[in-house]
Amino acid sequence: MLDHKDLEAEIHPLKNEERKSQENLGNPSKNEDNVKSAPPQSRLSRCRAAAFFLSLFLCLFVVFVVSFVIPCPDRPASQRMWRVDYSAAVIYDFLAMDDINGDRIQDVLFLYKNTNSSNNFSRSCVDEGFSSPCTFAAAVSGANGSTLWERPVAQDVALVECAVPQPRGSEAPSACILVGRPGSFIAVDVFTGETLWNHSSSFSRNASVLSPLLQVPDVDGDGAPDLLVLTQEQEEVSGHLYSSSTGHQIGLRGSLGVDGESGFLLHVTRTGAHYILFPCASSLCGCSVKGLYEKVTGSGGPFKSDPHWESMLNATTRRVLSHSSGAVRYLMHVPGNAGADVLLVGSEAFVLLDGQELTPRWTPKAAHVLRKPIFGHYKPDTLAVVVENGTGTDRQILFLDLGTGAVLCSLALPSLPGGPLSASLPTADHRSAFFFWGLHELGSTSETESGEARHSLYMFHPTLPRVLLELANVSTHIVAFDAVLFEPSRHAAYVLLTGPADSEAPGLVSVIKHKAWMGQSSR
């Protein structure tokens, strides 16, 4: 039990504290000792309070400056859809993308043939020394379709390649190279449209220019890759080297020693040697860039040769590297762990070849490939190849694993002859969205027979393998199509170039952008 003092202290705690203070007054020496030994709490508390309010003031000041004083950058308003029309014109099968006006949105570059430019610009063909009609290069804003620049560049264009790097320190870091008809060779600044250089080409009048324009390693020492143009005259394919910074020819014309067609590929072996691969009938042919450079210049250059490839090239007089089942239609690079492999697509089958040995990695069953295959990610971070197999109402879209050739998925989607190429775009889940063209109505055969059938654009994502989202249906002739990330992780859209089917009959030409998620129906 509590004694009398403890009980009183519990009932009257204030009185107990008062009594203790009086006792301390009666014993000053003991009190002074307590005071001297106690830390200066009040001074420390004041310092802590001052530091707290000072830091709070600084934080509020920074928030005020960032929120109200420093202006936020204006984000350009990107329209969901825009359209640019040109009357009495002809469109080329060419589309390129770049941020031209610096608004962080990809802009659209294209070519068309007309007598005069659009209403925004007054340059005509005659102003640039061409006869009417001539070829115009144009760049329009990806945000709203407004014209950024537009000017005549050539009488006619046979080949164009953009995003060609310029020499170090150049005011124009990127250019579009145009091979014109007849006999012109032009470089245009991507950002202004101004001509960087313009020369007459060395091609003979009877020579046809083969695609694509190849970029080879720098041979003139200016720090920029140089250009290789391939031409064909009768049965002979020849190569012409040009400097990308000046347009001057390097050396003379050099023959590849074989005939060939368009679809050339510049391949680098695992030893660092450069070779030109190209279709020739039902075979894959090749030519050493080192050998071609020695022919055109008469001296050695910065290129290597690969002993294994040289033995294959010397095996036959026609320099056949590999045979194909049917005519070779497409050659494509495929990224590999130790370097690029080669996808050889024939009219009756396709095969993935090892990039060094040119031996088959896998060969699927025989197939009739309708269009050029595309690549994308069916599984997260795993590349797949998409092949359109069959024709017309029998078309099957096959998703193939690049590692094994196994079929991951198959879609039945009938199509019209001559439809646009397919496309793919990366998505946030490390897969891809795929875009395919097909018939507007699967059962509408009467429209197909009468020529009134319309192309429909469908989007497919691997997470919903049974769903095709219809984005658009178009009745006019589609010259070119592409799906584009105008802003990464924010703004995906597709671009259409439509115009006359006959390049000799001018008509209405349109450049159209639609945001990709503006679908109307699914099935």
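This is a predicted model, so every value here is computed, not measured.

Peer 1: So what's going on with the packing of aromatic side chains? Which residues, and what values?
Peer 2: Throughout the structure, instances matching the rule amount to 21 aromatic pairs. An angle of 40° between the planes, with centres 6.5 Å apart, marks the rings of F434 and F460 as tilted. Of this pair, F434 sits in strand β27 (residues 432-439) while F460 is found in strand β28 (residues 455-460), placing the two residues 26 residues apart along the sequence. Note on F434: relative accessible area 0%, which makes it buried. Residue F460 is classed as buried on the basis of its relative accessible area of 0%. Grouping aromatic residues by their ring pairs yields a cluster made of Y378, F399, F434, F436 and F460. Note that K513 overlies the ring of F486, its terminal NZ or CZ placed 5.2 Å from the centroid.

Peer 1: Outline the state of the cysteines, listing residues and values.
Peer 2: This structure, assessed with the given rule, holds three disulfides. A disulfide bridge connects C125 with C134, and the sulfur atoms are separated by 2.1 Å. For the disulfide bridge between C125 and C134, the dihedral angle about the S-S bond is near -90°, and by the sign convention the bridge is left-handed. Each member of the pair C125 and C134 is classed as buried. What pairs with C162 in a disulfide is C176, and their sulfur atoms sit 1.8 Å apart. Between C162 and C176 the disulfide shows an S-S torsion of about 105°. By sign, it is right-handed. With a gap of 14 residues between them, C162 in strand β6 (residues 156-165) and C176 in strand β7 (residues 174-181) connect regions that are remote in the sequence. A residue is classified by how much of its surface remains accessible, and C162, at 15% relative accessible area, is buried. Sequential numbering of the bridged cysteines in the protein chain gives the disulfide pattern 1-2, 3-4, 5-6.

Peer 1: So, the nonpolar core: which residues are in play, and what are the values?
Peer 2: Grouped together as the largest cluster of nonpolar side chains are 26 residues, with contacts concentrated most on Y86, V108, F110 and Y112. Among the secondary structure elements, those contributing two or more residues to this core are β1 (81-91), β3 (107-114), β4 (134-140), β30 (478-487), β31 (491-498) and β32 (507-515). In terms of residue count, the dominant contributor to this core is β1 (five residues). Once you skip the residues sitting within four places of it in the chain, V108 turns out to touch W82, L95, A96, M97, A138, A139, V140, F486 and V495. Within the second largest apolar cluster, 23 residues are counted, among which are L230, V237, C287 and V296.

Peer 1: Could you give me a rundown of the sheet that holds strand β9 (residues 195-200), with the residues and numbers involved?
Peer 2: One open sheet holds the four strands; their spatial order is β6-β7-β8-β9, and the pairing between them is antiparallel. Each end of this open sheet is capped by a strand with a single partner; those strands are β6 and β9. For this sheet, the mean inter-axis angle between neighbouring strands, taken without regard to orientation, is 15°.

Peer 1: So what about the pattern of salt bridges? Which residues, and what values?
Peer 2: Per the counting criterion, the structure on display carries 13 salt bridges. Measuring nitrogen to oxygen at the nearest pair gives 3.5 Å for the salt bridge that ties K113 to D156. A residue pair is termed long-range when its members are at least 10 positions apart, and K113 in strand β3 and D156 in strand β6 qualify at 43 residues. For D156, a relative accessible area of 16% translates into the label buried. Residues R361 and D341 are paired through a salt bridge, measuring 2.9 Å at the closest nitrogen-oxygen approach. Pair noted here: R361 is in strand β21 (residues 360-362) and D341 is in strand β19 (residues 341-346), with a separation of 20 residues, a long-range link. Bridged by salt links that share partners, the residues R270, D341, D354 and R361 form one connected network.

Definitions and cut-offs
Residues numbered from 1 in each chain as written. Predicted model: local features only at pLDDT ≥ 70, side-chain atom pairs only at ≥ 80, totals over all residues. Heavy atoms only, no water. Phe/Tyr/Trp six-rings, centres within 6.5 Å; stacked < 30°, edge-to-face > 60°. Helix = DSSP H or I, 4+ residues; strand = E, 2+ residues; numbered from the N terminus. Buried < 20%, exposed > 50% of the residue type's maximum accessible area, 1.4 Å probe, protein only. Lys NZ or Arg CZ within 6 Å of the ring centre and 35° of its normal. Disulfide = S-S within 2.5 Å. Core = buried A, V, L, I, M, F, W, Y, C linked by side-chain atoms within 4.5 Å. Contact = heavy atoms within 4.5 Å. Pairing = 2+ DSSP bridges. Axes fitted to C-alpha atoms, helices over the stretch in contact; angles between N-to-C directions. Salt bridge = Lys/Arg side-chain N within 4 Å of Asp/Glu carboxyl O.

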